[in-house]
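# Secondary and tertiary structure notes
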Amino acid sequence: MIRLLSSVALGAMIGAAPALAQTEIRIVSGQERQNGAVLVDIFKRFNAGQNRVLVDLELDNRSDLDTTQKVLADIVAGTTPDAVRITGAVLRSYIDSGRAQPLDACLASAPKLAAQLDTGLLDGFRVNGTLYAMPWYVTLPALFINADAFRAAGLDPENPPATWSELEAAAAALSNGSGDRYGLLMYMPNTYMFEGQLASSGGAMVGPDGQSGVAGPAAVDQMAFMRRLVKDKRMPALSQAVFWGEAARLFQAGEVAMLLTSSSSYNSLTANVNFDVALAPMPAQDGHDPITMASGNGFVMLATDPARQEATCSALLSLITPESVAATVRATASSPLNVAAAEIPELLGDFYAKNRKLVVINSQMSRPWYTLPGRANNEFQSNFGDIQHEILTGATSPQDGLNRLAALMNELNAGQ
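Residues numbered from 1 in each chain as written. Predicted model: local features only at pLDDT ≥ 70, side-chain atom pairs only at ≥ 80, totals over all residues. Heavy atoms only, no water.

Turning next to the overall build of the protein. Regarding its fold elements, the protein presents 20 helices and 13 strands. Over its C-alpha trace the protein gives a radius of gyration of 22 Å, about what one expects of a compact globule, namely 22 Å for 416 residues. For the C-alpha atoms alone, the extent of the protein along its principal axes is close to 65 × 50 × 40 Å. Looking at the protein as a whole, 54% of its 416 residues are labelled buried. Contacts spanning at least 24 positions in sequence make up 77% of the contacts within the protein whose residues lie at least 6 apart. Accessible surface for the protein amounts to roughly 16800 Å². Of this, 51% is attributable to carbon and sulfur atoms. Of the side chains in the protein, 29 bear a positive and 40 a negative charge, and the two mean positions are spaced by 3 Å. (Helix = DSSP H or I, 4+ residues; strand = E, 2+ residues; numbered from the N terminus. Rg over C-alpha atoms; globule rule 2.2 N^0.38 Å. Buried < 20%, exposed > 50% of the residue type's maximum accessible area, 1.4 Å probe, protein only. Contact = heavy atoms within 4.5 Å. Areas by Shrake-Rupley, 256 points an atom, 1.4 Å probe, with all protein chains shown as cover. Lys, Arg positive; Asp, Glu negative; His and termini not counted. Charge placed at Lys NZ, Arg CZ, Asp CG, Glu CD.)

Printed below as a string of structure tokens:
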């Protein structure tokens, strides 16, 4: 765990009293390896820039689901942090616990900054019209391509696969058929990629009747397609227990030539590779236009004391300044929440001029990622990962596995 303290706090620890009384707030975040460094830098600058509020950042590498389970337990135990980093997959857990605090007044306290935000991206952090998370970044899917492997196989990385048939053909050309070099990895152990492909094919997580849509024809086609890729040794089947680390390792080692994942993995995936990396939008089923899921990363305020809320608000507002947004986009290849940052050459203007492929990724059609209410989403996502793995490995059929998942989803929704 990384704990971040300012020079003022360090001075207090060795006996030098700070010039002004400070409110120390505790902010918790997982996913340290993916994007923790930029978060550390943002709050270091915040701590150094004023003396009224001190951010103590607790950073570790827990998943969003694990962090949520821990923080919800902390709430019960009376050791609640003042704020916690979330994605759309877990936001409802904090809202439905009754502890997430509305942030509309916080954002309104900085009208100039609020006016700079992309309202469409900001709406992804609202539930029933209320802002419940201060945005940090929004990430969309991207197809990461080993461009050197593409060229060696006679493929053109400048003309990447846009459909499932093109994706399968490229995967076949890039695989060696023996199960130690694969063409593609296109799934996650949660519904982020699944829901995007489902929406692209005309399906939906929830049907017009309010019942689960995850066992419909579009979902079955998607799982059957991925099962075929695994069976033909075009794609590995990873359990959710090892997925996150192993997926990145396989791509970086050149053992997977195409990886469909969040664009926020850009820096971590490309930092230690010895090949050229190209990016492309998410391919969709033949005959359909891609619709991606927007994964919003933000911070929920859990503080209930007015003084601590004011202090927490000032810290969270530091996430959306043009400078912080520019640093975040450069580190995560995410969509710029602060429009001003994208317009200033020394912040992101020059960056996008040199990285035009990121502009293509940001321009994908997207929708907010669906989540079940309360704590039900954690259980659903965990079961999704297990059932998907069963389907990929042939332990169960796509229809039978998705029928079980749909039944569970309906049961969880009915229990809320």
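Now, onward.
Moving on to the nonpolar core. Ranked by internal contacts, the top residues of the largest apolar core, which has 135 residues, are Ile27, Tyr94, Met186 and Met258. Here this core gets 8 residues from one element, more than from any other, and that element is helix H11 (residues 217-231). For Tyr94, the residues in contact, after removing those within four places along its chain, are Thr67, Thr68, Val71, Leu72, Val84, Ile86, Arg99, Ala100, Val300 and Leu302. (Core = buried A, V, L, I, M, F, W, Y, C linked by side-chain atoms within 4.5 Å.)

The full count for this structure, using the stated rule, is 1 cavity of 30 Å³ or more. Taken as a whole, the largest cavity encloses approximately 40 Å³ of empty space. For the largest cavity, the full set of lining residues is Tyr187, Met188, Pro189, Leu238, Ser239, Gln240, Phe243, Gly385, Gln388, His389 and Leu392. By residue number, the principal contributor to the lining of the largest cavity is helix H19 (residues 376-393), which donates 4 residues. Here the residues of the lining of the largest cavity are counted per class, giving 6 nonpolar, 5 polar and no charged. (1 Å grid on protein atoms, 1.4 Å probe; cavity = no way out; pocket = protein on both sides within 12 Å on 5 of 7 lines; lining within 4 Å. Points joined across faces, edges and corners; volume = space filled by probe spheres on them. Nonpolar A, V, L, I, M, F, W, Y, C, P; charged D, E, K, R; others polar.)

Glancing now at the layout of surface pockets. Counted as a void, the largest pocket has a volume near 1000 Å³. Lining the largest pocket are 38 residues, and of these Gln31, Gln34, Ser63, Trp244 and Gly245 lie nearest its centre. Breaking the lining of the largest pocket down by element, the ones donating at least two residues are helix H2 (32-49), helix H3 (64-77), helix H4 (88-96), strand E7 (134-139), helix H12 (243-252), strand E10 (256-262), helix H13 (266-270) and strand E12 (292-301). Top element by residues in the lining of the largest pocket is H12. It accounts for 6 residues. Here the lining of the largest pocket is built from residues that sort into 14 nonpolar, 19 polar and 5 charged. One number sums up the size of the second largest pocket: a volume of about 470 Å³. In terms of lining residues, the second largest pocket is bounded by 21 residues, among which Gly124, Arg126, Pro368, Trp369 and Tyr370 are the most central. Every element with two or more residues in the lining of the second largest pocket is listed here: H4, helix H7 (119-123), strand E5 (126-127), E12 and strand E13 (366-368).

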